[in-house]
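What the coordinates show
Single-letter residue listing:
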Amino acid sequence: MRPLAVFDIDGTLVDSRASIHRAACEAAQVLGLPEPAYDRVRQIVGLSLHHALHVLEPALTDAELADFVAAFQASFRAMYEAGHEEPLYPGVMDTLRRLKRDGWRLSLATGQNRRGVARNLARPEWSDLFLSSHCAEDGPGKPDPAMLRAAMAACGADAASTTMIGDTSHDIAMAVAAGVHPLGVGWGFHTVEEQAAAGALHIAADFPDLEAALDRFASASLFA
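Please read all numbers here as calculations on a predicted model, not as lab measurements.

This part is about the nonpolar core. The biggest cluster of nonpolar side chains holds 28 residues, and the ones touching the most others in it are Phe7, Leu13, Leu96, Trp126 and Leu210. Secondary-structure elements contributing two or more residues to this core are β1 (4–7), α5 (92–101), β2 (105–110), β5 (181–185) and α10 (207–222). With residues up to four places along the chain from it excluded, the contact list for Leu13 reads Phe7, Asp8, Pro87, Leu88, Tyr89, Val92, Leu96, Leu108, Trp126 and Phe130. By size, the runner-up hydrophobic cluster in this structure holds 22 residues, among which are Leu53, Leu60, Phe68 and Tyr80.

Structure, rendered in C-alpha cells:
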C-alpha cells in the first residue's frame, strides 16, 4: 500500500506566524483587550478558531467570544484584500513534489476554516498535489482524530501506512489518537520539547531531515 502523508498547513508548510499574531492583536484591540504576546498566541495555533480564541481569552462571554472570532476573521480578510499571502517555508515545494513523484499520497489536515483551505489550494503550485483536505469546519478539530480518519478514508489508507506531519502538540496528539505515525517539525509554532511531550517520534530540523524520516517510515510500513 502506498504511504499517506497528511500535512498540517500553518507552521508546517506555510509561515503564518506574523499574520496570526497580528490578527489576534487587532481583534483584541477591537474588544478593548490587551494585545496578547506571541508566546500566548502560538500555543493556540492548530485548534479550531472558536476553541483557540476561547483558550486565549477564557473570561469572555459567548457574545464577546463571537465578536472576537469575527474581528480575527475581519483582520485576515483585510490582510488578504491588501494583497497579503503567507510565504511557504523554503524547501516545501521540493519535498512535496518529490513525495508525489515517489508515489506518496498527500492530504491536508488543518485548523483553518474551509475558506482558508481553499485559499491555500488556489496556490498554482498546489493545484495537483493533494488528494483530499480536511479542516475544523468538517467536524471536531484537533486534537480529535476525526480529520485524520477522514483523510485515511478519502485516500484509501490505513493507520499503518499513514503519517501526520505537523508543528504543534495538537497535531501530534491527533496523530497519536488516530494511531498513525506522528512526525513533528522544528520550525513552526510549538517547541521541540512540546511536540516530544505530546508523542512525536521524530522532530525534523529541516526539510531534508523530514524527507529522511519519511523515507524511513515508508520502508518500515512497506514491510510491516
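Within the open sheet, the six strands sit side by side as β3-β2-β1-β4-β5-β6. Their pairing is parallel. Each edge of the open sheet carries a strand with a single partner, namely β3 (132–135) and β6 (202–204). In this sheet, neighbouring strand axes are inclined to one another by 25° on average, regardless of whether the strands run parallel or antiparallel. As defined by bridge partners, β2 adjoins β3 across four bridges and the pair is classed as parallel. Bridged to Leu108 within β3 is Ser133. Strands in contact with helix α7 (residues 146–155) are β1, β2, β3 and β4 (162–166); relative to β3, the strand with the most contacts, it is inclined by about 165°.

This part takes up the domain arrangement of the protein chain. The domains assigned to the protein chain are domain 1 (4–15 + 87–222) and domain 2 (16–82). For domain 1 and domain 2, the distance between their C-alpha centres works out to 24 Å. Listed by partner, the interface residues are 20 residues for domain 1 and 15 residues for domain 2. Buried surface at the junction of domain 1 and domain 2, both sides included, amounts to about 1400 Å², of which 47% is carbon and sulfur. For the pair domain 1 and domain 2, the number of links is two salt bridges. Residue Asp15 is joined to Arg17 by a salt bridge in which the shortest nitrogen-to-oxygen separation is 2.9 Å. At the junction of domain 1 with domain 2, the criterion picks out 10 residue pairs in polar contact (both at pLDDT 80 or more). Partitioned by chemical class, the residues of the side of domain 1 that touches domain 2 number six nonpolar, eight polar and six charged.

Conventions and cut-offs
Residues numbered from 1 in each chain as written. Predicted model: local features only at pLDDT ≥ 70, side-chain atom pairs only at ≥ 80, totals over all residues. Heavy atoms only, no water. Core = buried A, V, L, I, M, F, W, Y, C linked by side-chain atoms within 4.5 Å. Buried < 20%, exposed > 50% of the residue type's maximum accessible area, 1.4 Å probe, protein only. Helix = DSSP H or I, 4+ residues; strand = E, 2+ residues; numbered from the N terminus. Contact = heavy atoms within 4.5 Å. Pairing = 2+ DSSP bridges. Axes fitted to C-alpha atoms, helices over the stretch in contact; angles between N-to-C directions. Domains from an automatic or database assignment. Buried area = accessible area lost by both parts, 1.4 Å probe. Salt bridge = Lys/Arg side-chain N within 4 Å of Asp/Glu carboxyl O. Polar contact = N/O pair within 3.5 Å; in protein donor to acceptor, adjacent residues only side chain to side chain. Nonpolar A, V, L, I, M, F, W, Y, C, P; charged D, E, K, R; others polar.

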